[in-house]
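Residue-level listing of the chains:
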Amino acid sequence: MSQGTPGDCPGPRLVVVGGGLTGLSAAWQGVCRGARVTVLEASDRLGGKVRTIRRDGFVIETGPDSYVAYKPALTRLLDELGIADEVIAPGDARRVALLSRGALRPMPAGMGMVLPTRLWPFVTTGVLSWPDKIRAGLDLFMPRRLRDGTDVSIGAFLRSRLGDGIVDRYAEVMVGGIYGAAIDELSLDAVLPSLRQNEQDHRSLMLASLAQGRRARAAAGHAAPGATCSPFRSLSGGLGRVIEVLADRLTARGAELRTGATVARLTGAGVELADGEFVAADAVVLAGGAACSAQLLAEAAPAAAAALDEIPLASTTVVSLGLKAGDFDRPPDSQGWLVADPGPISGVTTSSVKYAGRAPDGQVLVRVFVPSKRGPLTDAPDDRLLAAVLDHVRPLLGVHGDPTLTRIDRWHAVMPKYTVGHLDRAATVDGELARHHPTWAVAGSALHGVGLPECVADGRRRADAVLDAAASRRSSEAPAAGEAHPRNPGVIPANEGVMR
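If you're wondering where the values come from, they're calculated on a predicted model, not measured in any experiment. (Residues numbered from 1 in each chain as written. Predicted model: local features only at pLDDT ≥ 70, side-chain atom pairs only at ≥ 80, totals over all residues. Heavy atoms only, no water.)

## Regarding the overall build of the chain
Per the secondary structure count, the chain includes 17 helices and 21 strands. Relative to the 2.2 N^0.38 estimate, which gives 23 Å for 500 residues, the radius of gyration of the chain is 25 Å and therefore close to what a compact globule would have. Taken across its 500 residues, the chain has 52% of its residues classed as buried. Summarising the internal contacts of the chain: among those between residues at least 6 apart in sequence, 73% fall at separations of at least 24. (Helix = DSSP H or I, 4+ residues; strand = E, 2+ residues; numbered from the N terminus. Rg over C-alpha atoms; globule rule 2.2 N^0.38 Å. Buried < 20%, exposed > 50% of the residue type's maximum accessible area, 1.4 Å probe, protein only. Contact = heavy atoms within 4.5 Å.)

Here you go:
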């Protein structure tokens, strides 16, 4: 399927492989620079992991449901697209719980991704046992552990300073949950480089976090009345609105958006599709994911392909449930919970509490996450998966009766895990292409950040880089003023001044 056709403008030809948020952001940057843009998406739809389903009055996110507003790339894009007025913040019921030590316990006030920013809520929480708290407190007296710049796992570093309790109950749940990986395999320098700097500046991670909390509270004291302190945002119609509007704006500006278009091979002059069609290109952004990019680079850039192949990919399954509000013992009043205890489920979001307009009147929308790192249930047949999820959420939500809506979304091997040494792998990919194929680039969550704002920023940045390289190459290969081209007088052939 094709939407739009490239305009007849004389700008460079940019081909983007992959029509997810990263690829569409690269395409947007291309059209903003006057390039003739073609997006090639192998599946039958655009958007990648960003997709919103509107069904029976429910607004269901099949992938991510939020982005962080303090990273500006997505906020800027929404403004450029003219939909900044659709941004919404979470509802007032911001309480999030942890299923820890057999019970749902409130998240301590001021708890960050790893460390507390307030001391007393941390001391009094039931999430950790007293031995766990005392062990974590030893960090206040420890010397620095990181003596050189060698990358280590977040888990190993934190366990050495804080002990197992705070790592397993907080860091594993919050940091590991984002990356779909165990905290003991995630790279400190790729995922939480601030911890290295905190130890360097404050010696104690606890002291650093408490100091950051004091600064944040002081800043919040100067915020405008009524301002929400949550960093998360979404759109009133769901995050799929970003994809819908981006596609419309790109088409209106002459970009060609093609679904069902599988790229089989990269060449110096463009890309070859699986059906044999050739699409000419002066510059190419690969935004189809680590596995797709590795396959396409295997012949021309084997070192880059090998580095991409070394990035492990995690899987997860999202189960969405519509439940009657009258079937609850009491109306749900929290945004959900994360699971620190062993088991196949990592978290539950009460979507209709978190964001307004996610469920029709008299209904509640709940999403349950079943990642591969917690066992084989993520790949179980639908009936077994659904039964296990309902067994888990019913007693904790206090809900009875059958769901009025169910949906299962499986994301197989699509979540890159930033394991130890990830920055070296990313540098290999970027460096190999910059040296040997400067008009090609790999963009997206595989290398430079998994959040939606990072994907937008990376797509735009890589589009800039390859278009700059294409312009430089054309300039260096163009005949001098008044001098005819040796093989086609007065004309630069279509395959000249492009990638080799």
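## Here's the deal with the pattern of salt bridges
If you walk through the whole model with that rule in mind, you get 33 salt bridges. With a shortest N-O distance of 2.9 Å, D189 and R196 are connected by a salt bridge. Like R196, D189 is buried. The salt bridge partner of E299 is R265, with a shortest N-O separation of 4.0 Å. Residue E299 is located in the loop between α11 (290-297) and α12 (302-309), and its partner R265 is located in strand β12 (residues 263-267); the two are separated by 34 residues in the primary sequence. Of the residues examined, E299 reaches a relative accessible area of 64% and is grouped as exposed. R265 sits in the partly exposed class, given a relative accessible area of 36%. What emerges from the salt-bridge pattern is a single network uniting R54, E86, R241 and E244. (Salt bridge = Lys/Arg side-chain N within 4 Å of Asp/Glu carboxyl O.)

## Topic: unusual backbone geometry
The general pattern is negative phi for most residues beyond glycine and trans for most peptide bonds. At R203, a position not held by glycine, the phi torsion is positive, near 70°. Mapped onto the fold, R203 is located in the loop between α8 (193-202) and α9 (205-221). Non-glycine residue A413 carries a positive phi angle of around 50°. The topology assignment puts A413 in strand β20 (residues 405-416).

## A short note on a nonpolar patch on the surface
On the surface, L138, L140, F141 and L207 cluster together into a nonpolar patch covering about 380 Å² of accessible area. As for its placement among the helices and strands, L138 is situated in the loop between α4 (130-137) and α5 (154-162). (Patch = residues over 30% accessible without salt bridge, like charges linked within 9 Å, V, L, I, M, F, W, Y side chains within 5 Å. Areas by Shrake-Rupley, 256 points an atom, 1.4 Å probe, with all protein chains shown as cover.)

## A look at the sheet that holds strand β13 (residues 270-273)
Taken in spatial order, the three strands of this open sheet run β12-β13-β14, and their pairing is antiparallel. Every other strand in the sheet has two partners, leaving β12 and β14 (278-280) as the edge strands with one partner each. Neighbouring strand axes in the sheet, compared pairwise and without regard to direction, differ in orientation by 20° on average. In the sheet, β12 pairs with β13 via four bridges, with the strands oriented antiparallel. Looking at β13, one finds that V263 is bridged to L273. (Pairing = 2+ DSSP bridges. Axes fitted to C-alpha atoms, helices over the stretch in contact; angles between N-to-C directions.)

## Side note on the environment of P332
Tracing the sequence through the fold places P332 in the loop between β16 (313-324) and β17 (336-339). The spatial distance from the C-alpha of P332 to the C-alpha of G82 is 34 Å, given a sequence separation of 250 residues.

## Focus on the sheet that holds strand β9 (residues 103-106)
Remark on secondary structure: sheet strands pair via backbone hydrogen bonds, oriented parallel or antiparallel. The sheet built from seven strands is open, its strands ordered β9-β8-β17-β18-β19-β16-β20 with mixed pairing. Taken across any chain shown, the strands that pair with only one partner, and hence form the sheet edges, are β9 and β20. Adjacent strand axes in the sheet meet at a mean angle of 25°, parallel and antiparallel pairs treated alike. Relative to strand β19 (residues 363-371), strand β18 (residues 347-350) runs antiparallel, the two sharing four bridges. Residue pairing across strands places G347 opposite F369, the latter belonging to β19. Packing against the sheet, helix α14 (residues 382-397) makes contact with β8 (96-100), β9, β16, β17, β18, β19 and β20, and its axis sits at approximately 60° to β16.

## A word on empty space enclosed by the protein
Here the structure, examined in full by the defined rule, presents two cavities of 30 Å³ or more. Counted as a void, the largest cavity has a volume near 60 Å³. Lining the largest cavity, in full, are V59, E61, D65, S351, Y355, R358, L365 and R367. Broken down by secondary-structure element, the contributors of at least two residues to the lining of the largest cavity are β5 (58-61) and β19. Split into classes, the residues belonging to the lining of the largest cavity amount to three nonpolar, one polar and four charged. (1 Å grid on protein atoms, 1.4 Å probe; cavity = no way out; pocket = protein on both sides within 12 Å on 5 of 7 lines; lining within 4 Å. Points joined across faces, edges and corners; volume = space filled by probe spheres on them. Nonpolar A, V, L, I, M, F, W, Y, C, P; charged D, E, K, R; others polar.)

## Structural notes on the pairing of strand β11 (residues 256-259)
With burial as the criterion, each face of β11 is covered, one bearing E256 and R258 and the other bearing L257 and T259. Pairing geometry for strand β3 (residues 36-41) and β11, over four bridges, is parallel. Of the residues in β11, the one forming a bridge with T38 is E256.

## Topic: helix α15 (residues 422-436)
A turn of α-helix holds 3.6 residues, and therefore any two residues three or four places apart point the same way. Given a rise of 1.5 Å per residue, 15 residues ought to cover 21 Å, and the 21 Å separating the end C-alpha atoms of α15 matches this to within 8%. Of the positions making up α15, those classed as buried are H422, R425, A426, V429, G431, E432 and L433. Where α15 is buried, its residues contact α7 (188-191), α11, α12, β21 (440-442) and α16 (445-448). (Expected span 1.5 Å × (residues − 1).)

## Concerning α12
Regarding α12, the residues found buried are A304, A305, A307 and L308. The buried residues of α12 occupy an angular sector of 160° when the element is viewed end-on, so they sit on one face. Next to the buried residues of α12 lie α11, α15, β21 and α16. (Arc of directions from axis to C-beta.)

## Considering the domain arrangement of the chain
Along its sequence, the chain is carved into domain 1 (13-50 + 72-81 + 236-311 + 418-475), domain 2 (107-221) and domain 3 (313-416). Relative placement of domain 1 and domain 2: their C-alpha centres are 35 Å apart. Of the residues lining the interface, seven residues belong to domain 1; the matching set on domain 2 comes to 11 residues. For the pairing of domain 1 and domain 2, the buried interface totals around 670 Å² over both sides, and the portion due to carbon and sulfur atoms is 72%. On the surface where domain 1 and domain 2 come into contact, there are zero salt bridges. Along the contact surface separating domain 1 from domain 2 lie three residue pairs in polar contact (both at pLDDT 80 or more). (Domains from an automatic or database assignment. Buried area = accessible area lost by both parts, 1.4 Å probe. Polar contact = N/O pair within 3.5 Å; in protein donor to acceptor, adjacent residues only side chain to side chain.)

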